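Chain and residue survey
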Amino acid sequence: MQERTHIVRSKNGLSPLVWLSLALLVTWLVLPLVPLAVWSVSRSWFFPDIAPSAYSLRAWEYVLSPTSEVLPALGTTLIIALGVTILSILIGLPAGRALGLYRFRGKALIELLILAPTIVPGIAVALGLHVVFLKAGLAGTMSGVLIVHLIPTLPYMVLVMAGVFANYNPDAEAQARSLGANRLQAFRYVTLPAILPGLLIGSLFAFLVSWSQYILTLLIGGGRVVTLPLLLFNFASAGRNDITGAIGMIYILPGMILLVFAARYMSGRNQAYTATGQI
Amino acid sequence: MTGTRFIFRTFRRYCCHFAIFAILTYPLTIHASEAEFKNWDEVVDAAKGGTVNWFLWGGADNINAYVSDYVGGELKKRYDITLNRIGLSDTAEAVNLVLGEKQAGNDDNGSVDMIWINGGNFRTMKQGDLLYCGYTDLLPNNQLVDWTDPSIANDFGLPVDGCEVPWNRAQFAFAYDIARTETPPESIAALIDWVKQNPGSFTYPAASDFNGSVFIRHVFYHAAGGVEKLLGPFDQTTYDAVAPKAWAILNDMKPYLWREGTTYPNSIASLAQLFANQEVSLYFDYDPAIFGINVENGIFPETTRSYGLADGTIGNINYVAIPYNSPNKAAAMVTANFLLSFEAQFEKAKADVWGAAPAIDVARLRQEEQTHFAALPRNPAVIAPEILARHALPELHPDWISAIETGWQEYVAK
Amino acid sequence: MTEVALRNLCKTYPGADKAVVDDISLHIKSGSLTALLGPSGSGKSTILKMIAGLLFPTSGDILVGGHSVLSLPPEKRDIVLIFQDNLLFPYLSVAENIGFGLRMRRRPKAEIADAVHAIMNLMQIRGLEKRKPFELSGGQQQRVALARALVLRPRLLLLDEPFSNLDASLRLEMQSLLKELHRETGTTMLFVTHDQSEAVRLADRIALIFHGQLRQYDAPDAFYNRPHDRSVAEFFGGRNFIDGTLKEDHFECALGHLKMPADTPSHGSILTFRPENIIIGETSSATNRITAILEGRQFLGERTILHLRCGPAMFEAYSSPLAAASYVIGQPLSVCLPPDSLWLLP
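Residues numbered from 1 in each chain as written. Chains lettered and ligands numbered in written order. Predicted model: local features only at pLDDT ≥ 70, side-chain atom pairs only at ≥ 80, totals over all residues. Heavy atoms only, no water.

Considering the overall build of chain B
- If you tally the helices and strands in chain B, you get 17 helices and twelve strands.
- Computed over the C-alpha atoms, the radius of gyration of chain B is 21 Å, within 12% of the 22 Å expected from 2.2 N^0.38 for a compact globule of 414 residues.
- Based on the C-alpha atoms only, the size of chain B along its principal axes is roughly 65 × 50 × 35 Å.
- For chain B, the proportion of its 414 residues judged to be buried stands at 64%.
- Taking the contacts inside chain B whose residues are at least 6 apart along the sequence as the reference set, 82% of them involve residues at least 24 apart.
- When the accessible surface of chain B is split by element, carbon and sulfur atoms take 52% of a total near 14900 Å².
- Chain B carries 30 positive and 49 negative side-chain charges, and their two centres are separated by 2 Å. (Helix = DSSP H or I, 4+ residues; strand = E, 2+ residues; numbered from the N terminus. Rg over C-alpha atoms; globule rule 2.2 N^0.38 Å. Buried < 20%, exposed > 50% of the residue type's maximum accessible area, 1.4 Å probe, protein only. Contact = heavy atoms within 4.5 Å. Areas by Shrake-Rupley, 256 points an atom, 1.4 Å probe, with all protein chains shown as cover. Lys, Arg positive; Asp, Glu negative; His and termini not counted. Charge placed at Lys NZ, Arg CZ, Asp CG, Glu CD.)

Structure below.
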């Protein structure tokens, strides 16, 4: 038995098969990015050449110049995505808790309604909302864009949190309270460590969904709130592979960083638990 | 490369929205045509320190740089106006914005001050009373515009009526690689034969693409034996007589197209890619400047050349327009006036800047300014606009265009 | 002094039409070990949660040490409730779990370490400091949960079904541990159980609760010998109920003319007596001696139940299995019902 365990498990506790599939997954994720990177430094690239015939940093020069407004857009996109993530947590956590922990009349209907924005195309929602946002004075503002991004991000957050809380015993909080923790301490030391993996996944979803919003940003932002997808789509639809590549490299950066962090956290969950719940 | 393709593409989809909105908002409609300024000095004074939010297609770095750096810089320097360029992928997005604002009752503090526009989007905005009109005579540089030219006074068959200011001229042209193709076909009739002799070397984007639609119209003109019968409002009888011939030509061509016509590129960018990859031998675009830009960008080979057709190619003017609810009308007017100036038009015409044909009548410029234009070096890939303009064909009424696009989907694509 | 007083305590959940806790008044002496006993769903856990501050009563008051605690949040009550599933925090080590309460009280680290060390000694769980809860046996988890509560030296310790999830032998071990800890620490303890034998084995006093109402609050033996009514007697395993009438100090029934104990209630029409108190066979006492027919017997291992009939009345008595084997079915047996074993129910 011991010998057998030795064969299927490598030192790290993962079988070679798992390593192989991980390697495939990474390849599958990273490989499409290679042409993007090459395009961003290509001067000309003709079919069927395997590599560009001339290289140039022109696309990068343009992208990093003030004319392109890519760097301010990066900041705007980041602020909006972070704000949306925080708001999604503030709304999605209690909502997910209510859905996950309690049974009440009309719960199935509410769950369906929460899912609706993920099924209904964004443009349909946005066209109707545009007038509302205009009247509220939110159109063309960063806060307006932030709020409208909640439409596609909240369903993910609420459903992920509902799933987390469905397997959660709220008595653990009561136990902590009885042992002398106040509300905040009970949340910090008991609730948070238990829901953290789900919370991170939900936040990751919220961040990336906000990060990639195009039509909602365009319509509610009215062009005055310029995010990276807007600039990216300008050039992608025009067939400018070099500039699209360069903006694309910047565009995927935060997502990659987040994914790496999330992956690291998920794989080292036990250690991370200890760290967050350290007494 | 002009805004035309982008502004026009979504016209029909947009028309439906508009019809509904127009009905809903009809009682609220107010006419936004009366000019509020007595003379140009008042406009310039009012514009000082203002901001212009200019919404325009943003898919070309050279156009973006021209607008942001050159136009923006000059406006700041000369008039203390801040130009805010807002890049779009589709001009209809800006039209939608103004429409939404009107629906919400935002009649004086809109977010759009200027739009690069023509065709269906202009029709939508003009007929929906979404435009600020009647100010063109105030602009000093308006005298450089030849309003007697019907192709300027009419935007896709709709009278401009002082609701927009011309900016660029665009005319359809073909491009080829002299290293690969010695004698490209120079008429639609010749193209039909050429395609059959060179199977797999030609294709055109589907009718849903702006440029694809324009190509199909050229075939339609050819089938009709000339454009004259097709001018004016849509006529079903004429359509029924011409359409079968046009579809027959295109269907005969089909087996000789790239991939035997089983599929069509879904955008002009795809066709550019096919040409760059040497999969097809011919490329075309409504804006010949794109040929030079693509060569500059290394997308097309240096040996790219372009030409018009002996029986003419379709041309149009594209404009800038000011929405009725712009809070910065004076600054927008100063911007529009500056765009018409010799300096701005000349800068724009430089091949290394943009290479766009001027919308002003060069003959109305001072002598030395005309010489500048004449001496302008041009990318060898771009055919001279004046040569192209010798054989120009007008655009059709949008109803015609719509009918042709629908017919192509029905009888050719299937 | 940590005497606890419940005054007319009521709890009705929002939307429910029946009260879960219905007008309960109870006085718990300082330093006692009290059981809240009742079938599941009788409202016992709700009472504990109200005392702990995790639920707010609909009406009534809770006094601890003579003062109402209703205005205090749970963390300020100095009362610890140990939940049924012991609910150790899975992300914390054993030592961190035990130190949790002190840490929440922001005690100095050294003090926490000392206290944790001491209580782990007392609970005999030294060496487990760095383990995670999932690495512990059921008994160890139970000890950690107790340690985590006792290290705080609460004025009142509440336990909700503390041993219900343990197997029989471990349950006995933990019961005696709790009894021992109670003796050593002198902490006032109140625990909830549905198992009357556990209540009897552990508690100084038992509060029996049916449907949210207090039925009887007494020392354990009273529930066997002096039950308040037939349902209380039945809950504690009472099987013998015989109708009749009380005539001064005698009870007239199918069993005959029985002498009753001195503290017999003056009213009542049902005679009850425990099967284990019946004396089978010849004895020196002639009081309350009757003759009954053996109808059947049931071997239960350490004893045998005899099913006896006397006239129309049926009753049960316990006998040692050896003696029971010598009795012949259908034969009359001489049976003695000592007056002190008899009790009268309304």
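Read on, since the account is not over.
Comments concerning the sheet that holds strand 2 (residues 21-28) of chain C
Residue and element names in this part refer to chain C.
- The strand order 2-1-4-5 describes an open sheet built from four strands, whose pairing is antiparallel. If you trace the sheet from one side to the other, it starts and ends with strand 2 and strand 5 (67-68), each paired once.
- Both strand 1 (residues 4-11) and strand 2 contribute to a ladder of five bridges, which runs antiparallel. Across the sheet, valine 4 pairs through a bridge with isoleucine 28, a residue of strand 2. (Pairing = 2+ DSSP bridges.)

Quick look at the arrangement of the chains
- In this assembly, two pairs of chains are in contact, and the pair with the greatest number of contacts comprises chains A and B.
- A minimum C-alpha distance of 44 Å separates chain B and chain C, which share no contact.

Remarks on the packing of helix 6 (residues 107-119) of chain A against helix 8 (residues 142-166) of chain A
Residues and elements named next belong to chain A.
- Two elements in contact, helix 6 and helix 8, have axes separated by 8 Å at closest approach and are oriented at 135°. By the criterion of interaxial angle, the relationship of helix 6 to helix 8 is oblique. Of the two possible hands of crossing, helix 6 and helix 8 adopt the one that is left-handed. Where helix 6 abuts helix 8, its residues Ile114, Leu115, Pro117 and Thr118 lie against Ile151, Pro155, Tyr156, Val158 and Leu159.
- Residues that form the contact of helix 6 with helix 8 fall into these classes: eight nonpolar, one polar and no charged. (Axes fitted to C-alpha atoms, helices over the stretch in contact; angles between N-to-C directions. Parallel < 35°, antiparallel > 145°, perpendicular 65-115°, else oblique. Left-handed = near helix turned anticlockwise from the far one by under 90°. Nonpolar A, V, L, I, M, F, W, Y, C, P; charged D, E, K, R; others polar.)

Comments concerning the environment of A:Ala186
All names here are of chain A.
- Take alanine 186: it is sitting in helix 10 (residues 183-211).
- It is 42 Å that separates the C-alpha atoms of alanine 186 and leucine 219, two residues lying 33 residues apart in sequence.
- Once you skip the residues sitting within four places of it in the chain, alanine 186 turns out to touch Glu173, Ala176, Arg177, Ala181 and Thr191.

Some words on the state of the cysteines
Residues and elements named next belong to chain B.
- Within the structure shown, the criterion is met by one disulfide over all chains.
- Residue pairing for cysteine 133: its cysteine sulfur links by disulfide to cysteine 163, the two sulfurs lying 1.9 Å apart. One disulfide, between cysteine 133 and cysteine 163, carries an S-S torsion of 110° and so falls in the right-handed class. Of this pair, cysteine 133 sits in the loop between helix 6 (119-127) and helix 7 (150-153) while cysteine 163 sits in the loop between strand 5 (158-159) and strand 6 (165-171), placing them 30 residues apart in sequence. Considered together, cysteine 133 and cysteine 163 belong to a single accessibility category, that of buried residues. (Disulfide = S-S within 2.5 Å.)

Considering the interface of chain A and chain C
- Each partner contributes to the interface: chain A provides 23 residues, whereas chain C provides 28 residues.
- Each partner contributes to the roughly 2300 Å² buried at the junction of chain A and chain C, and carbon and sulfur atoms together form 60% of this total.
- We note a salt bridge from C:Glu75 to A:Arg177, for which the minimum N-O separation is 2.7 Å.
- The interface formed by chain A and chain C holds eight residue pairs in polar contact (both at pLDDT 80 or more) in total.
- The element that contributes the greatest number of residues to the side of chain A that touches chain C is helix 9 (residues 171-178) of chain A, accounting for seven residues.
- The class makeup of the residues in the side of chain A that touches chain C is eleven nonpolar, nine polar and three charged. (Buried area = accessible area lost by both parts, 1.4 Å probe. Salt bridge = Lys/Arg side-chain N within 4 Å of Asp/Glu carboxyl O. Polar contact = N/O pair within 3.5 Å; in protein donor to acceptor, adjacent residues only side chain to side chain.)

Notes on empty space enclosed by the protein
Residues and elements named next belong to chain B.
- Enumeration according to the criterion identifies seven cavities of 30 Å³ or more in this entry.
- In this structure, the second largest cavity occupies an estimated 100 Å³ of space.
- Lining the second largest cavity are 13 residues, and of these Arg169, Pro288, Ala357, Pro385 and Leu388 sit closest to its centre.
- At the level of secondary structure, the elements contributing two or more residues to the lining of the second largest cavity comprise strand 6 and helix 16 (385-389).
- Residue contributions to the lining of the second largest cavity peak at three residues, all from strand 6.
- Partitioning the lining of the second largest cavity into residue classes produces nine nonpolar, two polar and two charged. (1 Å grid on protein atoms, 1.4 Å probe; cavity = no way out; pocket = protein on both sides within 12 Å on 5 of 7 lines; lining within 4 Å. Points joined across faces, edges and corners; volume = space filled by probe spheres on them.)

Examining the layout of surface pockets
Residues and elements named next belong to chain A.
- Its boundaries defined by the atoms lining it, the largest pocket holds a volume of some 650 Å³.
- Along its surface, the largest pocket is lined by 22 residues, and Arg97, Pro170, Glu173, Ala174 and Arg183 are the ones closest to its centre.
- For the lining of the largest pocket, the residue count by class is twelve nonpolar, four polar and six charged.

Describing a nonpolar patch on the surface
All names here are of chain A.
- A cluster of nonpolar side chains, contributed by Val18, Trp19, Leu22, Leu25, Val26, Trp28, Leu29, Val30, Leu31, Val34 and Met256, occupies part of the molecular surface with about 1000 Å² of accessible area.
- Examining the composition of the nonpolar patch, we find that eight residues originate from one element, helix 2 (residues 16-30), more than from any other.
- On the accessibility criterion, leucine 25 (42% relative accessible area) is partly exposed. (Patch = residues over 30% accessible without salt bridge, like charges linked within 9 Å, V, L, I, M, F, W, Y side chains within 5 Å.)

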